[in-house]
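# Observations on chain architecture
One letter stands for each residue in the lines below.
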Amino acid sequence: MSLHCLTGESFLLPVATMLVLPVVLLLLLVPCAPSSGAQLPEQPKSKEAPIATNGQPFPWDRMRLPKTVSPVHYDLTFHPNLTSLDFTGVARILLEVHEDTSAVILHTKEMHISKVLLLAPEGARPLRFLEYPRFHQLALLSDTPLIQGRRYEVQLEFAANLSDSYHGFYKGSYRTSSGEVRMLASTQFEATSARAAFPCFDEPAFKANFTIRIIREARHIAISNMPKVKAVQLPGDLFEDHFDTTVKMSTYLVAFIVSDFLSVSKTTKHGVKISVYAVPEKIDQTAFALDAAVKLLDFYDDYFDIPYPLPKQDLAAIPDFQSGAMENWGLTTYREAGLLFDPAKSSASDKLGITMVIAHELAHQWFGNLVTMEWWNDLWLNEGFAKFMEFISVDITYPELHVDDFFLGKCFEAMEVDSLSSSHPISTPVENPAQIQEMFDDVSYDKGACILNMLRDFLTPEAFEIGIIRYLKRYSYQNTVNSHLWDSLTNVSCVCVCVCVGGREFCSKSKVQSGASKWYSDDELDVRTIMESWTLQEGFPLVTVEVRGREVRLTQERYLKTDDPSLTEGFLWQIPLTYVTSASSTVHRFLLKTKTDVLYLPEEVDWVKFNVKMNGYYMVHYEGEGWSSIIKLLQHNHTALSSNDRASLINNVFQLVSVGKVRLDTALDLSLYLSRETEIMAVTQGLGELVPLYKLMEKRDMMALENQMKGYIVDLFRGLIDRQEWSDAGLVSERVLRSYLLLFACVRNHPPCLATAIELFNKWRDSDGNMSLPTDVSLAVFAVGARTPEGWDFLFEKYRSSQQTGVKSRIKSALSISPLQDKLKWCQSLHGEVMKTQDLPSVVVSISKNPRGYKLAWDFLRANWHALIKKFDLGSHSIAHLVTGVTGQYSTREMLDEVRSFFDSLTEETGSEMRCIQQTYETIEENIRWMDTHLPLLQAWLNRHKPLQRMDGHLPE
């Protein structure tokens, strides 16, 4: 599943801003006014003896299902009614009995079970059943035991309302250009919502085959995981569509849609039919996604050396959809903004984001669908791999998109969460649905992808590819834990890397030396031991480097934003260090396995840079004169380091200020070189570190210092901003950077930017919105236009009437960053009459970054809390994004007390135990510490660096 992230496709620079330092873009959008999983803990039991809804004892007291019985095959029939907005169904489940039992325990949620039968050759007989809603469980009770080794079939008849939320079997709607509202019904079962659509064993390890039938009206179509094999006409102008039986898979991957969608299709070179479905008026926006899906599925088919096992792959653009996309096997589902592309109206970032989302979901057809984690504690085996494979696949299939320019941002995002004591290991025990939902976060996705990238760099791409193919082939149609992956890669590194990759004999028992470096000593390479230090403990290491002549002293500790040093104790990683020096651009390697170690350089050097291209998931601090030498290098020859190296230095030095390792003036001194920077990752990271400094001030009464900081940043990037063209020309990374810089410049009142944006907006408005604006700069134009009541109203009407998802996304962003406070309330509605409710979390967070709107956002969150957690699901990424996004820039004890007061008033059922609340407390406390400690230094430094004079092209000394 793709998260609809901090800046997902529905706002800011649409879709692909999730790839370009999302945190930064949110910060910019303000108005011009200022265990390997093999061993899980004992399952928690119900605190009291469970009592069924009828008052009788329930025969099972644990949240996880017993393993006495497992499903083999489901035969499912659904009849949704899109007028009454409910559905009925029949489930026939073939069961295999592993232990004698008189009770079959399975899942059901918020549905009415009307009849349960045990089907046997001698005839059907009714079964008694009990319901235990607290654990979403249903017990089928037999008067005679079911015998081990035998198979039985049960039949259940059920009914429920189509859900008002975005999970289960839920209702949706869209408005045509003529204003007609049309209904549809679609599914979203990951992680624990298949049970809300049909009775089932709703845990990923209970894989089975599914045969699905759907009864529909003639005006609708039905699609599901497998191709339709026939349609049977029924009385009352109804049809029953029969779908082929699926491969063996988990319940969360089942999917079906009833709608009036149209489709376009092509066939891959391997013979798989690809179809893209959308509402009729948007079917002309599907061509790009169709071509991308064909190309990417063919790539994965070849890369994994495992044929895609289904005859078709559908991609459906759903008008109402909470997450970014979902990998249902054979029927992937997406937000409209994640799939629909209009070459005349969509931006470069739209194209980049759509390609990446499709790549993510199609990677899941192997990682997640073919091979599935045993339990949700190892969700990262699905999501970390899919996130990682996005970049591998798109880099090869769409080299012109230059996705390497954006991978680093995912690691920075993960580190932001992972630097808090409330973080969690990549593999961490979870039990209840809210805990499972919380696993869909930056740690599972982005940290997972980043440690896989580190491992690939460590083993070499060739060995890594062989290892993951072995893993997929060995465990096809099965469930896995962490150790299965590590064992597959360890075998490869020992058997193949030694033989095939010269120069690095990873499994040699002697020391491996390469110049001054070594990967490791001791016995053969143990991938499992190395990687469990990254997956079974939270956080990440800070490596301190001290150079004394030829000697390099290394120390590792946990990087943690805290004022309690004891929380950093007891952590140890096996870190694949890489470094380059002033004397050698060759990448040297060293496996740091202990708290401290020493390596020796062949000669003394002027500077050393560790974590080359930031392929490793760790930060680096340079003791002594280390930072001074790096600052000197950046000032005089910054291109001696790659853009990723420069971006990582910017990130690390400012993050080290937060933990007291580096003085703020040192970090600011380093930032001075940015006046010469042109590469997207380094520029966006520079803004990502500098902008938060004034964002904290905007929530306080310190206008003078705030404006001084804003002036410094604009002046720093003035040369690069003024060189930007107001067009769609250039490489994708250049176009995305242009969008980013011009938006920033206009929001910050840079006169040349304002003049051009106002001129373009007026021409666009005079043409009634028909003039073609350069798509990559349209958000900057709209943002300036939304500053006046007349411009805001015009944009609002265009938002209401537009059928172009990219245009709507950019207009929505502009409306939410307007300085017109009275206009900001329009989008804080749960009714979805103009703005889709799915977009509410991201828009509320955008308003919370707005100095004119942050109080509105906080008040809205508190007033609508119970409605929000019902609509978006407790523990979901949407709720976590709301909580952390709305409160993340508070920096006063008064606001901390107010935030605590609200969240402390919640119960466990309404979210008091959610991890995002602890993250919020920690973030505000860190903001308070930062402001208390560093404001005087910031003021003094800015006073010394008045607007930079750069007429001669040189930096000030």
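Sequence order as written defines the numbering, with residues in each chain counted from 1. Only residues with pLDDT of at least 70 get local features here, since the model is predicted, and only at 80 or more are side-chain atom pairs given and counted; chain-wide, interface and lining totals rely on the full set of residues. Hydrogen atoms and water are omitted, and side-chain values are computed over all heavy atoms in the structure.

So, about the sheet that holds strand S31 (residues 619-622). What makes two strands pair is DSSP finding at least two bridges between them. Numbered from the N terminus, helices here are DSSP runs of H or I no shorter than four residues, and strands are runs of E no shorter than two. Taken together, the four strands give an open sheet; going across it, the order is S29-S26-S25-S31, and neighbouring strands pair in mixed fashion. The sheet terminates laterally at strand S29 (596-600) and S31, the two strands that pair on one side only. In this sheet, adjacent strand axes meet at a mean angle of 25° when their direction is disregarded. In the sheet, strand S26 (residues 551-558) pairs with S29 via five bridges, with the strands oriented antiparallel. Where helices are involved, their axes are fitted lines through C-alpha atoms of the stretch in contact, as for all axes, and angles between N-to-C directions lie from 0 to 180°.

Another point: helix H11 (residues 626-637). Between its first and last C-alpha atoms H11 spans 16 Å; for 12 residues at 1.5 Å apiece the expected length is 16 Å, and the two agree. A 1.4 Å probe rolled over the protein chains alone gives each residue an accessible area, and that area as a share of the maximum for its type sets the label: buried under 20%, exposed over 50%, partly exposed in between. Residues of H11 that are buried include every one of Gly626, Trp627, Ser629, Ile630, Ile631, Leu633 and Leu634, and no others. Should any heavy atoms of two residues lie within 4.5 Å, those residues are counted as being in contact. Next to the buried residues of H11 lie strand S30 (608-610), S31, helix H12 (643-658) and helix H13 (664-671). Expected helix span is taken as 1.5 Å per residue step, with the number of steps being one fewer than the number of residues.

Looking now at unusual backbone geometry. Following glutamate 190, the chain continues into alanine 191 via a peptide bond in cis, with omega recorded as 10°. Position of alanine 191 among the secondary structure elements: in the loop between strand S10 (181-188) and strand S11 (209-217). Phi at tyrosine 477 is positive, roughly 65°, even though this residue is not glycine. Even without glycine at this site, lysine 613 takes up a positive phi of about 60°. Position of lysine 613 relative to the elements: it lies in the loop between S30 and S31. Judged by relative accessible area, which is 44%, lysine 613 ranks as partly exposed.

Time to look at the sheet that holds strand S7 (residues 137-146). Judged by pairing direction, the sheet is antiparallel, and its three strands sit side by side in the order S3-S7-S6 without closing on themselves. Edge positions in the open sheet fall to strand S3 (101-107) and strand S6 (128-132), since each of these has one partner strand only. Each adjacent strand pair in this sheet contributes to an overall mean axis angle of 25°, direction not counted. Two strands pair when backbone bridges link them, and S6 and S7 are joined in this way by five bridges, in the antiparallel orientation. Its bridge partner lying in S7, phenylalanine 129 is registered against leucine 140.

Buried residues dominate helix H10 (residues 527-535), accounting for seven of its nine residues. For H10, the complete set of buried residues consists of Val527, Ile530, Met531, Glu532, Ser533, Trp534 and Thr535. Under this definition, polar contacts are N or O atom pairs within 3.5 Å; protein pairs additionally need one hydrogen-donor-capable and one acceptor-capable atom, and for neighbouring residues in sequence, both atoms have to be side-chain atoms. The opening residue of H10 is aspartate 526, an N-cap whose side-chain oxygen sits 3.2 Å from the backbone nitrogen of arginine 528.

Let's shift gears to the packing of aromatic side chains. Ring geometry is summarised as follows: Phe, Tyr and Trp rings, the Trp one being its six-membered ring, pair when their centres sit within 6.5 Å, and such pairs are stacked at plane angles under 30 degrees, edge-to-face over 60 and tilted between the two. In total, this model carries 55 aromatic pairs according to the counting rule given. With a centroid separation of 5.5 Å and 65° between ring planes, the pair formed by phenylalanine 299 and tyrosine 300 is classed as edge-to-face. When its relative accessible area of 11% is taken as the criterion, phenylalanine 299 is described as buried. Judged by relative accessible area, which is 0%, tyrosine 300 ranks as buried. Arranged with centres 5.8 Å apart and planes meeting at 15°, the rings of phenylalanine 571 and tryptophan 573 form a pair that is stacked. Overall, phenylalanine 571 belongs to the buried group, its relative accessible area being 13%. For tryptophan 573, a relative accessible area of 0% corresponds to the buried category. What links up through ring pairs into an aromatic cluster is the set Phe299, Tyr300, Tyr303, Phe304, Tyr308, Trp366, Phe367, Phe385, Phe388, Phe464, Tyr471 and Tyr475.

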